[in-house]
Amino acid sequence: MQLQNIEERVEKIEKLSTSQNVNTVQSQQIQKMQNQLVQITDSVSKLENSVGQLQQKVATIDKVQASLEQLSKRVEKVESVNGSNNNAISDLTKKLATVEKNVTTVQSRVASLENQIKQIDNLQKGIDSLSAQVRNIQQNMPQKISQSDIEFLKQLQQQIIELKSALQSTDPATLLKLNTGYIYYIVKSGDNLSSIASAYKVSLNSLISINDIKDASKISVGQLIKIPVDDPKNYVRVPVKIQPTDILSYHGQERNGVKTIGMDIYAKGKDIYPILPGKVLNVDNTTVTIDHGNMIMAIYGGINTSLKPGNFVSVDKPIGQCIDVFHFELYIDGEPRDPLRLFTEYKGIFTVTFYSEWDDGKVPIHPTFRIARNGRVPQQFLTIAVDPTVIPLGSLVYIPTLANVVFIAEDTGSAIKGNRIDVYVSDVRLALNNGITPHPVYIIRPEINN
């Protein structure tokens, strides 16, 4: 508009200059206006160039915008893929946690097996030592064998048999065959997979997977079901807590020339629990027979119960209440076993000797004559001297191959170090005649005694 205005003025002046004489001042004005016209023309040219450059930049921006839109779509696609990856990562994390748990379980089992191997090595050493004694006696045996020699040989052979038997079961989990990682249950009439899973506290899916069962509703009588055992401690339970004075009779005691099976415990009014999950086979008045799997059967006598044959039992619920004396029998692979082993913890093979109050050189007038380390008078075949760093004083000690009795760790001795036990007897001759013999030693677990 400014340019048009100037051109109109110039044109008007030119017309005036042609029609009349223009003076010098007007000529100068015309020249000045022409100069301004040139400058404005230059400015317009520059503006046109700038507009062209801006148009190029706008075109570039359009291209950038298109690129950004493509990138946005790619980002959305990547985010979608990342979402799937996150789910996969979450699944992997869960699987890793499961693997770590399994590794921990395996490590625990390896440690347990290593401990058992050490215990077996100790037992084997005891057997080898006794076998060597037998060989030496046989090699040096005179032509005429006295009756006492024969009896001694029989005693050594019996100790070897008992120690070999001890090799088969050094702790409750091994005794009940739980260290294999499974309980093997044989399906009986009326069983279903859901009831078995519920009794043994495992998931139905786990049983189906482990046993490769196609149809969970179809299991047959006699079918073997593998039940996983993650931690044997969660399965094994003693039927009732005991004190030594509660034990009225022990497994293997002789009565009228016959060895008893099982043990009797005074437990009037106490709840009686199953040692493992299982199924009730028979209820006869106050006696319940239960199949616990793994070819383990237990008889629980002297109890009031509402159980019926065919019922399943779990270790978290009592099977009944003791009337007065609880009779307990344990059978493994059809053979009767010592039930007291379920209450104990294996400590190893110990050398057992015997002592009397005369062994320490004290005379009867000495203030501590016939006084044990705990300040009490020792009791024959009840008080034992131990190394307190191995067996704490006050512990209840069970030596099944020595005597059917629970000993009490009440005394110590300067020569009693490591795996050695000294049994108190009041007769000096009895102490001397009993000699030195190896025996597997167990202590009643503290949690059972409380």
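### Side note on unusual backbone geometry
No. 1: Backbone geometry at Asp212 places phi at a positive 50 degrees, although glycine is not the residue there.
No. 2: In this structure, Asp212 sits in the loop between α6 (204-210) and β2 (224-228).
No. 3: Asp212 sits in the exposed class, given a relative accessible area of 53%.
No. 4: Positive phi outside glycine occurs at Asn285, with the angle close to 60 degrees.
No. 5: Tracing the sequence through the fold places Asn285 in the loop between β8 (278-284) and β9 (287-291).

### Focus: the sheet that holds strand β17 (residues 406-411)
No. 1: Pairing within the closed barrel is mixed, and its 6 strands lie in the order β14-β18-β15-β17-β16-β19. Taking the axes of each pair of neighbouring strands and ignoring which way they run, one obtains an average angle of 50 degrees across the sheet.
No. 2: The pairing of strand β14 (residues 344-355) with strand β18 (residues 420-424) spans 5 bridges and is parallel. Directly across from Thr351, in β18, lies its bridge partner Arg420.

### A few points about the nonpolar core
No. 1: Counting 56 residues, the largest nonpolar core has Ile227, Ile275, Tyr300, Phe326 and Leu340 as the members making the most contacts within it.
No. 2: In terms of residue count, strand β12 (residues 320-332) provides more of this core than any other element does, 5 residues in total.
No. 3: The contact partners of Ile227, leaving out residues within four places of it in the chain, are Gly181, Tyr182, Ile183, Tyr185, Ile196, Tyr200, Val202 and Leu207.
No. 4: Val352, Val386, Ile391 and Ala403 belong to the second largest nonpolar core, which has 17 residues in total.

### Here we look at the side chain of Arg341
No. 1: Turning to its location among the elements, Arg341 is positioned in the loop between β13 (335-337) and β14.
No. 2: The buried charged residue Arg341 lacks any salt bridge partner; its closest oppositely charged side chain belongs to Asp338, at an N-O distance of 6.3 Å.
No. 3: Among the polar contacts listed, one links the side chain of Arg341 to the side chain of Tyr442, at a separation of 3.3 Å.

### A closer look at the environment of Lys188
No. 1: Relative to the helices and strands, Lys188 resides in the loop between β1 (182-186) and α5 (193-199).
No. 2: Sequence separation between Lys188 and Ile219 is 31 residues; the distance between their C-alpha atoms is 9.6 Å.
No. 3: For Lys188, the residues in contact, after removing those within four places along its chain, are Val221, Lys279, Leu281 and Asp291.
No. 4: Of the polar contacts made by the side chain of Lys188, one reaches the backbone oxygen of Ile186; its length is 2.9 Å.

### Digging into the packing of aromatic side chains
No. 1: Taken as a whole and assessed by the stated rule, the structure comprises 9 aromatic pairs.
No. 2: Ring geometry for Tyr355 versus Tyr424: centroids 5.6 Å apart, planes at 65 degrees, classification edge-to-face. Of the two residues, Tyr355 sits in strand β14 while Tyr424 sits in strand β18, which places them 69 residues apart along the sequence. Note on accessibility: Tyr355 and Tyr424 belong to one class, buried.

### Regarding the pattern of salt bridges
No. 1: Summed over the entire model, instances satisfying the criterion amount to 5 salt bridges.
No. 2: Of the charged contacts in the structure, one is a salt bridge between Lys188 and Asp291, with a shortest N-O distance of 2.4 Å. Here Lys188 is found in the loop between β1 and α5, whereas its partner Asp291 is found in strand β9, with 103 residues between them in sequence.
No. 3: By relative accessible area, Asp291 is classed as buried at 13%.
No. 4: Among the ionic pairs, Asp191 bridges to Lys279, the shortest N-O distance being 2.3 Å. Highlighted residues: Asp191 in the loop between β1 and α5 and Lys279 in strand β8, separated in sequence by 88 residues. No difference in accessibility class separates Asp191 from Lys279, as the two residues are buried.

### Here we look at the pairing of β17
No. 1: Within β17, 5 of the 6 residues are buried, leaving the element largely enclosed by the surrounding structure.
No. 2: Taken together, the 3 bridges between strand β15 (residues 383-385) and β17 define a ladder with parallel strand orientation. From the neighbouring strand, Thr383 faces β17, where its bridge partner is Ile408.
No. 3: Pairing of strand β16 (residues 396-398) with β17, which is carried by 3 bridges, proceeds in the antiparallel orientation. Pairing of Leu396 across the sheet is with Ile408, part of β17.

### What about the side chain of Asp264?
No. 1: Of note, Asp264 is situated in strand β6 (residues 263-266).
No. 2: Classification of Asp264 as buried rests on a relative accessible area of 16%.
No. 3: Apart from the residues lying within four places of it in its own chain, the contact partners of Asp264 are Asp246, Ile247, Leu248, Ser249, Arg255, Val325, Phe326 and His327.

### A closer look at the confidence of the model for the protein chain
No. 1: Across the protein chain, pLDDT averages 77, with 68% of residues at or above 70.
No. 2: Here residues 361-370 is modelled with pLDDT under 50, and outside its nearest four sequence neighbours on either side it reaches 12 contacts, counting other chains as well.

### So, a nonpolar patch on the surface
No. 1: Together, Tyr184, Ile186, Leu224 and Met295 line one region of the surface with nonpolar side chains, adding up to about 370 Å² of accessible area.
No. 2: Relative to the helices and strands, Ile186 resides in strand β1.

Reading guide: rules and limits
Residues numbered from 1 in each chain as written. Predicted model: local features only at pLDDT ≥ 70, side-chain atom pairs only at ≥ 80, totals over all residues. Heavy atoms only, no water. Helix = DSSP H or I, 4+ residues; strand = E, 2+ residues; numbered from the N terminus. Buried < 20%, exposed > 50% of the residue type's maximum accessible area, 1.4 Å probe, protein only. Pairing = 2+ DSSP bridges. Axes fitted to C-alpha atoms, helices over the stretch in contact; angles between N-to-C directions. Core = buried A, V, L, I, M, F, W, Y, C linked by side-chain atoms within 4.5 Å. Contact = heavy atoms within 4.5 Å. Lys, Arg positive; Asp, Glu negative; His and termini not counted. Salt bridge = Lys/Arg side-chain N within 4 Å of Asp/Glu carboxyl O. Polar contact = N/O pair within 3.5 Å; in protein donor to acceptor, adjacent residues only side chain to side chain. Phe/Tyr/Trp six-rings, centres within 6.5 Å; stacked < 30°, edge-to-face > 60°. pLDDT = per-residue confidence, 0-100. Patch = residues over 30% accessible without salt bridge, like charges linked within 9 Å, V, L, I, M, F, W, Y side chains within 5 Å. Areas by Shrake-Rupley, 256 points an atom, 1.4 Å probe, with all protein chains shown as cover.

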